[in-house]
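Letter by letter, the chains look like this.
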Amino acid sequence: HDRAVVLAAVRQDGRALRFASEGLRADPEIALEAIKQHPEAFRFTGDLLRVNRSFAIQATSCCGEVLRYVDDRLRDDSGVVLAAVALDGLALGLAGPVP
């Protein structure tokens, strides 16, 4: 898929990310655009992005609801949780258990 076409598609409907090639799903710019449009798009990001702490912080900073879709280990990460909660206090209910 052409990068510009996929970028335009995810700006219309973030869930369109699921139809992109693995390489484009792993593109942080495309993935974040998709997530901004629809938080569930996080589920369709490339494998490495889904477990990347820095990317999870960026994504949850765009939309706290993304916390629902991040890897369990990241849902327990204070930096990721704080990024989500700073935007949407209700995201705290999506965080992992407090030790």
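In the block above lies the structure referred to throughout.
Everything in this summary refers to the structure shown in the same document.

Conventions used here
- Residues numbered from 1 in each chain as written.
- Predicted model: local features only at pLDDT ≥ 70, side-chain atom pairs only at ≥ 80, totals over all residues.
- Heavy atoms only, no water.
- Buried < 20%, exposed > 50% of the residue type's maximum accessible area, 1.4 Å probe, protein only.
- Helix = DSSP H or I, 4+ residues; strand = E, 2+ residues; numbered from the N terminus.
- Contact = heavy atoms within 4.5 Å.
- Polar contact = N/O pair within 3.5 Å; in protein donor to acceptor, adjacent residues only side chain to side chain.
- Salt bridge = Lys/Arg side-chain N within 4 Å of Asp/Glu carboxyl O.
- Axes fitted to C-alpha atoms, helices over the stretch in contact; angles between N-to-C directions.
- Parallel < 35°, antiparallel > 145°, perpendicular 65-115°, else oblique.
- Nonpolar A, V, L, I, M, F, W, Y, C, P; charged D, E, K, R; others polar.

Remarks on helix α3 (residues 28–37)
An α-helical turn contains 3.6 residues, so a residue and the one three or four places further along point in the same direction.
(1) Moving on: Buried within α3 we find I30, A31, L32, E33, A34 and I35.
(2) Moving on: Summarising the contacts, the buried residues of α3 are in contact with α1 (3–12), α2 (22–25), α4 (47–50) and α5 (53–62).
(3) Moving on: The N-capping residue of α3, defined by a side-chain oxygen 2.9 Å from the backbone nitrogen of E29, is D27.

Concerning the environment of A95
(1) Moving on: With respect to the secondary-structure elements, A95 resides in the segment after α7 (78–87).
(2) Moving on: Note on A95: relative accessible area 21%, which makes it partly exposed.
(3) Moving on: Taking the C-alpha atoms as reference, A95 lies 16 Å from R50; in sequence the two are 45 residues apart.

Notes on the pattern of salt bridges
In a structure, side chains of opposite charge can pair up when their charged atoms sit close to one another.
(1) Moving on: A complete count under the given rule lists twelve salt bridges for this structure.
(2) Moving on: Across the pair R11 and E33 runs a salt bridge whose closest N-O atoms are separated by 3.3 Å. Of the two residues, R11 sits in helix α1 while E33 sits in helix α3, which places them 22 residues apart along the sequence.
(3) Moving on: When its relative accessible area of 43% is taken as the criterion, R11 is described as partly exposed.
(4) Moving on: Linking R43 and E40 is a salt bridge whose minimum nitrogen-to-oxygen distance equals 2.3 Å.
(5) Moving on: With a relative accessible area of 18%, E40 lands in the buried category.
(6) Moving on: Salt bridges sharing common partners tie together R3, D27 and E29.

Focus on the packing of α5 against α7
(1) Moving on: α7 packs onto α5 with a crossing angle of 10° between their chain directions and a minimal axis gap of 7 Å. When the interaxial angle is binned, α5 and α7 end up roughly parallel. Facing R53, A56, I57, T60, S61 and C62 of α5, the residues of α7 in contact are G79, V80, A83, A84 and L87.
(2) Moving on: Of the residues in the contact of α5 with α7, the class split is seven nonpolar, three polar and one charged.

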